[in-house]
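Here's the letter readout for the chains.
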Amino acid sequence: MNRTADTVAATQERSGGCLCGRIRFTVKGKAAYPHTCSCPHCQKLGGGPMMWWAGFAPKDVTWTGESEPTWFETFEGEAKRGFCPHCGSRLAAIDSDVPDLGIVVTALDDTSGPDLVPVNQSFRDNAVHWLPQVPDTQNSPVGLTRPRHGVLG
């Protein structure tokens, strides 16, 4: 039986976790809208010029470690960011207007999947000038009008 690339991607399972290992998780399926974000919040949360995100259906994300993320509400009623309270690793995002759970791609144990390659960069105007921007291969209006970061922008 031949399995198509889409079928394989839909059944793929990946693992990840925080730096100290207390929080572990698995995600199933193909990543949705992988992108980087250069908004001020992502820069401060990530401690660098951008963060790298990908979305997964909430039903396909399972927390498997000894604890789950602590959630910080970055925009009241709109957005939360999940992190490890022990080591500070940033792990996930919940945005009220996006159905997917955002996963910080660098929290995955293996970041080499072709479905994880960023298709856009949000908040380009806030990006550092010395780092080339991610080519826009999948247009998104998210992140163009409000200074907030969503899973899709």
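Residues numbered from 1 in each chain as written. Predicted model: local features only at pLDDT ≥ 70, side-chain atom pairs only at ≥ 80, totals over all residues. Heavy atoms only, no water.

Asker: It is not clear to me how the packing of aromatic side chains should be interpreted in this structure. Could you clarify?
Answerer: When we look at a pair of aromatic rings, we describe it by the centre distance and by the angle of the planes. Enumeration according to the criterion identifies 1 aromatic pair in this entry. Their ring planes at 65 degrees and their centres at 5.4 Å tell us that phenylalanine 25 and tryptophan 63 sit as a pair that is edge-to-face. Of the two residues, phenylalanine 25 is situated in strand S2 (residues 24–28) and tryptophan 63 in strand S5 (residues 61–63); the sequence distance between them amounts to 38 residues. Tryptophan 63 carries the same exposure label as phenylalanine 25, and that label is buried. (Phe/Tyr/Trp six-rings, centres within 6.5 Å; stacked < 30°, edge-to-face > 60°. Helix = DSSP H or I, 4+ residues; strand = E, 2+ residues; numbered from the N terminus. Buried < 20%, exposed > 50% of the residue type's maximum accessible area, 1.4 Å probe, protein only.)

Asker: How should the pattern of salt bridges be read in this particular structure?
Answerer: One pass over the structure, following the stated rule, counts 6 salt bridges. A salt bridge links lysine 28 to glutamate 13; the nearest nitrogen and oxygen atoms lie 4.0 Å apart. One end of the pair, lysine 28, is in strand S2; the other, glutamate 13, is in strand S1 (residues 13–17), and 15 residues separate them in sequence. Among the residues examined, lysine 28 registers a relative accessible area of 40% and is labelled partly exposed. (Salt bridge = Lys/Arg side-chain N within 4 Å of Asp/Glu carboxyl O.)

Asker: Looking at this model, I keep getting lost on the sheet that holds strand S7 (residues 79–83). Mind explaining?
Answerer: Within a sheet, neighbouring strands are paired by backbone hydrogen bonds and run either parallel or antiparallel to one another. If you walk across this open sheet you meet the 7 strands as S6-S7-S8-S9-S4-S3-S10, and the pairing is mixed. With partners counted over all chains shown, the strands left at the sheet margins are strand S6 (70–75) and strand S10 (121–122), one partner each. When S6 meets S7, the two strands line up antiparallel, connected through 5 bridges. By the bridge assignment, threonine 70 is partnered in S7 with phenylalanine 83. (Pairing = 2+ DSSP bridges.)

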